[in-house]
Amino acid sequence: MNASVAHSNLVFAWLWILLGFVTGMIMGLKFQDPNWLGGYSSFKRRMHRLAHISFFGLGAVNLFFYLSVKDATLTQAGLLASRAFILGGIAMPICCWLMAWTPKTQPLFAIPVISLVSAAVLTLAELMS
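Here is a short report on the structure shown in this document. (Residues numbered from 1 in each chain as written. Predicted model: local features only at pLDDT ≥ 70, side-chain atom pairs only at ≥ 80, totals over all residues. Heavy atoms only, no water.)

1. A few points about the packing of aromatic side chains
Now for step 1: One pass over the full model with this rule turns up five aromatic pairs.
Now for step 2: Ring geometry for phenylalanine 65 versus phenylalanine 85: centroids 5.3 Å apart, planes at 55°, classification tilted. Residue phenylalanine 65 is found in helix H2 (residues 43-69), and its partner phenylalanine 85 is found in helix H3 (residues 76-101); the two are separated by 20 residues along the sequence.
Now for step 3: Three or more aromatic residues joined by ring pairs make a cluster, and in this case those are Phe12, Trp16, Phe55 and Trp97.
Now for step 4: A cation over a ring is seen here: arginine 49 above tyrosine 40, with NZ or CZ 4.3 Å from the ring centre. (Phe/Tyr/Trp six-rings, centres within 6.5 Å; stacked < 30°, edge-to-face > 60°. Helix = DSSP H or I, 4+ residues; strand = E, 2+ residues; numbered from the N terminus. Lys NZ or Arg CZ within 6 Å of the ring centre and 35° of its normal.)

2. Quick notes on the environment of threonine 75
Now for step 1: Inspection of the secondary structure assignment puts threonine 75 in the loop between H2 and H3.
Now for step 2: Each C-alpha atom, one on threonine 75 and one on alanine 125, is 9.6 Å from the other, the two residues being 50 residues apart in sequence.

3. Section: the nonpolar core
Now for step 1: Formed by 28 residues in total, the largest nonpolar core has its most connected members in Met47, Met92, Cys96 and Phe109.
Now for step 2: Contributions of two or more residues to this core are made by helix H1 (2-28), H2, H3 and helix H4 (110-128).
Now for step 3: Residue contributions to this core peak at ten residues, all from H3.
Now for step 4: Beyond its immediate chain neighbours, meaning those up to four positions away, methionine 47 contacts Cys96, Met99, Ala100 and Phe109. (Core = buried A, V, L, I, M, F, W, Y, C linked by side-chain atoms within 4.5 Å. Buried < 20%, exposed > 50% of the residue type's maximum accessible area, 1.4 Å probe, protein only. Contact = heavy atoms within 4.5 Å.)

4. Overview of a nonpolar patch on the surface
Now for step 1: Taken together, the side chains of Leu15, Leu18, Phe21, Val22, Met25 and Ile26 make up a nonpolar region of the molecular surface, amounting to roughly 580 Å² of accessible area.
Now for step 2: Positionally, methionine 25 belongs in helix H1. (Patch = residues over 30% accessible without salt bridge, like charges linked within 9 Å, V, L, I, M, F, W, Y side chains within 5 Å. Areas by Shrake-Rupley, 256 points an atom, 1.4 Å probe, with all protein chains shown as cover. Salt bridge = Lys/Arg side-chain N within 4 Å of Asp/Glu carboxyl O.)

In structure tokens, the structure reads:
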């Protein structure tokens, strides 16, 4: 079971990196338009860029987690960290896109942030045990 748990982070990492390329390609079709999503410095455009970059960053974090624990027998902390990294990775771009269009959704950012911070703490606990 532990190998498949870590493997899910590896698969997720590469899926998220692929989605980073795809969202970058889609955004690249419009980036030359100075008024796209309200202009370069507009809130909507910044949130879309943050969602795009979060695919790469959180894909890399999941890859680092996989590389850190791939040969370990995971405790409950490691199993929870695995799932929390994936949850945070899924929630972050969704929250960015929601907030781009509905700023009142800002409190939802607690979901990816708490998930990712918890995953990092649990990973440290796993590696130190």
